[in-house]
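A look at the structure
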Amino acid sequence: ISTPAWLNRDLPLYVGPGVAYEVRTVLPGGSHVGVDSCSGLWCRVHKGRAHGYAFLYAISFGHGPNSIWWPPRYRHPHADRFRCYRAASSAARA
């Protein structure tokens, strides 16, 4: 299960979590993506068959690109990554 999100700008997807890794592809700004997990400043995302790692602060978890809302995150005790979750409704965010 992934968390829905949007890209705030054209964004390269890297093979691994960091700019030292090869760029797999570039997704256009405004793209709707699925976020599988986040760790530090990097999130593993996918859109269709394209997948890779993207910089956390270029991703919006609100109602569209460049929205201000961020989801709650927690560290699973048996994982080295954060899991991202979104609220079911705007009332849950208040």
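The text that follows walks through the structure, step by step, so that each part is easy to find. Since we're looking at a predicted model, the values are computed, not measured.

In this section: the nonpolar core. The nonpolar side chains of soluble globular proteins are, as a tendency, buried together. One finds Val35, Cys43, Val45 and Ile59 to be the most contacted residues of the largest nonpolar core, which totals 15 residues. Put simply, the parts of the chain that give this core at least two residues each are β1 (3-7), β2 (11-14), β4 (32-39) and β5 (42-47). Examining the composition of this core, we find that three residues originate from one element, β4, more than from any other.

Now for the side chain of Ser31. Here Ser31 shows up in the loop between β3 (23-27) and β4. Ser31 sits in the buried class, given a relative accessible area of 7%. Among the polar contacts made by the side chain of Ser31, one reaches the main-chain carbonyl oxygen of Pro28 at a distance of 2.6 Å. Setting aside chain neighbours within four positions, we find Ser31 in contact with Ala5, Trp6, Leu7 and Lys47.

This part is about the state of the cysteines. In the structure shown here, the tally under the stated rule is one disulfide. With its sulfur 2.1 Å from that of its partner, Cys38 forms a disulfide with Cys43. On the sign convention where negative means left-handed, the S-S torsion of about 100° between Cys38 and Cys43 marks this disulfide as right-handed.

What counts, and where the lines are drawn
Each chain carries its own residue numbering, running from 1 in the direction its sequence is written. Owing to the predicted nature of the model, reporting of local features is limited to residues with pLDDT of at least 70; listing and counting of side-chain atom pairs is limited to 80 or more, with chain, interface and lining totals taken over all residues. As a rule here, side-chain values cover all heavy atoms of the structure and leave hydrogens and water aside. To define a nonpolar core, start from buried Ala, Val, Leu, Ile, Met, Phe, Trp, Tyr and Cys residues and group those joined through side-chain atoms within 4.5 Å. Summary of the burial criterion: residues with accessible area below 20% of their type's maximum are buried, those above 50% are exposed, and those between are partly exposed, where the area comes from a 1.4 Å probe applied to protein chains only. Only DSSP runs of H or I reaching four residues or more are called helices, and only runs of E reaching two or more are called strands; each is numbered from the N terminus. Whenever a nitrogen or oxygen atom comes within 3.5 Å of another N or O atom, the pair is scored as a polar contact, on the condition that within protein one atom can donate a hydrogen and the other can accept it, and that pairs from neighbouring residues in sequence are kept only if both atoms are in side chains. Contacts between residues were defined by any pair of non-hydrogen atoms, one from each residue, lying within 4.5 Å. Note on terminology: pairs of cysteine sulfur atoms within 2.5 Å are recorded as disulfides.

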